[in-house]
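Each chain, written out:
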Amino acid sequence: MAADNYWQAIQQKGVLRCGAAPAAPYVMRDPKTQQYSGYFSELCRDFGQNVLKVKVQFVDASWDTLVAGLQSDKWDLALGLNQTPERALAVAFSTPAQDYQISFLVNKQNPKVNALGNKLADFDKEGITFAVMSGTVQDKTISAAIKKGKIMRLPGNDESRMALMARRADVLVDASDTNHLFAVANPDWAKEVLPAPALAKQGVSFGLPRSISEADMDVLNIYLTQRRATGEIDQLVNKASQEANAAK
């Protein structure tokens, strides 16, 4: 695609390809219907249908392949990428649709963690196991921050939560909105902790090829800025969170 005609080329093809790696509430896929939901899915669908006036196709991806798939032209937009300097060497980022930081989810009935404070040093101890989804920003961040504890890397959110519930892990490391959602849904045993200092406070954006022109990037950025300012993205986040809870 020509760098200065990114959206025009997509319009000529008639389809916007959205690279989607499931992780609630950003991207969710119904196992029965294979339909995509989640607030980044909804934004991609709306942008394609109502701004570009094209069909929208979701392409199955994983967190380990989102950037590579964008570079190899398997999709036009990568959904729900956290902004990091390392990724910025490989892809361009839209303005953030939402902000992100990492939090801890713990079992209040687990004596190893129920009396700890909120400092990272309180948790970074021998005998404390952190469960995290492999290949994510959470994985990279906690791997750099933890010196004494053990890190258990698992393929998905469900496996990470099951490890916490079964007490094979003491701390679940995930996005704060996801952990908050889970804590609210399980108040009898789950508690969210926002560690101090904050871990990986970043924008969550669409990923695009680095060659995209400033003018083409403005199209998506204006769309996101307006939708965020009106509160529409917050509404999509709340809707996705409720759907994620209802699916459990």
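Predicted model only: the values in this text are computed from it and were never measured.

A. The arrangement of the overall build of the protein in detail. Looking only at helices and strands, one finds ten helices and twelve strands in the protein. A compact globule built from 248 residues would reach a C-alpha radius of gyration of about 18 Å, and the protein, at 19 Å, matches this within 12%. Over its C-alpha atoms, taken along the principal directions, the protein stretches across nearly 60 × 35 × 30 Å. Expressed as a percentage of the 248 residues in the protein, the buried residues total 55%. Counting only carbon and sulfur atoms, one obtains 51% of the accessible surface of the protein, whose full area is about 11,500 Å².

B. Representation of the pattern of salt bridges within the structure. Here the structure, examined in full by the defined rule, presents nine salt bridges. Ionic pairing is found between D60 and R29, a salt bridge with its closest N-O pair at 3.0 Å. Taken together, the positions of D60 in strand β4 (residues 55-60) and R29 in strand β2 (residues 28-29) put the pair 31 residues apart, joining distant regions of the chain. The closest approach of N and O atoms between R227 and D46, which form a salt bridge, is 3.1 Å.

C. Looking closely at helix α10 (residues 232-246). The terminal C-alpha atoms of α10 lie 21 Å apart, and with 15 residues this matches the ideal 21 Å at 1.5 Å per residue to within 8%. Among all positions of α10, only I233, L236, V237, A240, S241 and A244 are buried. Summarising the axial view, the buried residues of α10 lie within an arc of 135°, below the 170-degree limit, and thus occupy one face. Turned more than 90 degrees off the buried face of α10, the exposed positions are Q235, Q242 and A246. Elements that come into contact with the buried residues of α10 comprise β2, α2 (39-52), β7 (98-107), α8 (176-185) and α9 (214-229).

D. The side chain of N110, seen in detail. Following the sequence through the fold, N110 ends up in the loop between β7 and α5 (120-123). Exposure remark for N110: the relative accessible area of 3% places this residue in the buried category. Residues contacting N110, with those up to four places away along its chain left out, are R167 and D170.

E. Quick peek at the nonpolar core. Core analysis: the largest hydrophobic core is formed by 68 residues, its most contacted members being W7, L16, F104 and F206. Core analysis: the next-biggest nonpolar cluster, separate from the first, contains twelve residues, A131, L164, L172 and F182 among them.

F. Broad picture of empty space enclosed by the protein. Tallying each qualifying case throughout the model produces two cavities of 30 Å³ or more. Empty space within the largest cavity amounts to approximately 130 Å³. Lining the largest cavity are 16 residues, with A23, Y26, W63, N82 and Q138 positioned closest to its centre. Each residue belonging to the lining of the largest cavity can be placed in one class, and the counts come to eight nonpolar, six polar and two charged. Empty space within the second largest cavity amounts to approximately 40 Å³. Together, S37, G38, Y39, E42, L236, K239, A240 and E243 line the second largest cavity. Going through the elements one at a time, α2 and α10 are the ones with two or more residues in the lining of the second largest cavity. A total of four residues in the lining of the second largest cavity trace back to one element, the largest contributor, which is α10. Class assignment for the residues of the lining of the second largest cavity results in three nonpolar, two polar and three charged.

G. Just α9, in detail. Spanning 16 residues, α9 covers 21 Å between terminal C-alpha atoms, matching the ideal 22 Å at 1.5 Å per step. Looking at the buried side of α9, the elements it contacts are α1 (6-13), α2, β5 (77-82), β6 (91-93), β12 (199-209) and α10. Count one or two residues on from α9 and you reach G231, which has phi positive near 85°.

H. Seen up close, the packing of α9 against α10. Two elements in contact, α9 and α10, have axes whose closest approach is 5 Å; the angle formed by their N-to-C orientations is 75°. By the angle class used here, α9 and α10 are roughly perpendicular. Judged by residue contacts, L224, R227 and R228 of α9 engage E232, I233 and L236 from α10. Its residues placed into classes, the contact of α9 with α10 shows three nonpolar, no polar and three charged.

Cut-offs applied
- Residues numbered from 1 in each chain as written.
- Predicted model: local features only at pLDDT ≥ 70, side-chain atom pairs only at ≥ 80, totals over all residues.
- Heavy atoms only, no water.
- Helix = DSSP H or I, 4+ residues; strand = E, 2+ residues; numbered from the N terminus.
- Rg over C-alpha atoms; globule rule 2.2 N^0.38 Å.
- Buried < 20%, exposed > 50% of the residue type's maximum accessible area, 1.4 Å probe, protein only.
- Areas by Shrake-Rupley, 256 points an atom, 1.4 Å probe, with all protein chains shown as cover.
- Salt bridge = Lys/Arg side-chain N within 4 Å of Asp/Glu carboxyl O.
- Expected span 1.5 Å × (residues − 1).
- Arc of directions from axis to C-beta.
- Contact = heavy atoms within 4.5 Å.
- Core = buried A, V, L, I, M, F, W, Y, C linked by side-chain atoms within 4.5 Å.
- 1 Å grid on protein atoms, 1.4 Å probe; cavity = no way out; pocket = protein on both sides within 12 Å on 5 of 7 lines; lining within 4 Å.
- Points joined across faces, edges and corners; volume = space filled by probe spheres on them.
- Nonpolar A, V, L, I, M, F, W, Y, C, P; charged D, E, K, R; others polar.
- Axes fitted to C-alpha atoms, helices over the stretch in contact; angles between N-to-C directions.
- Parallel < 35°, antiparallel > 145°, perpendicular 65-115°, else oblique.

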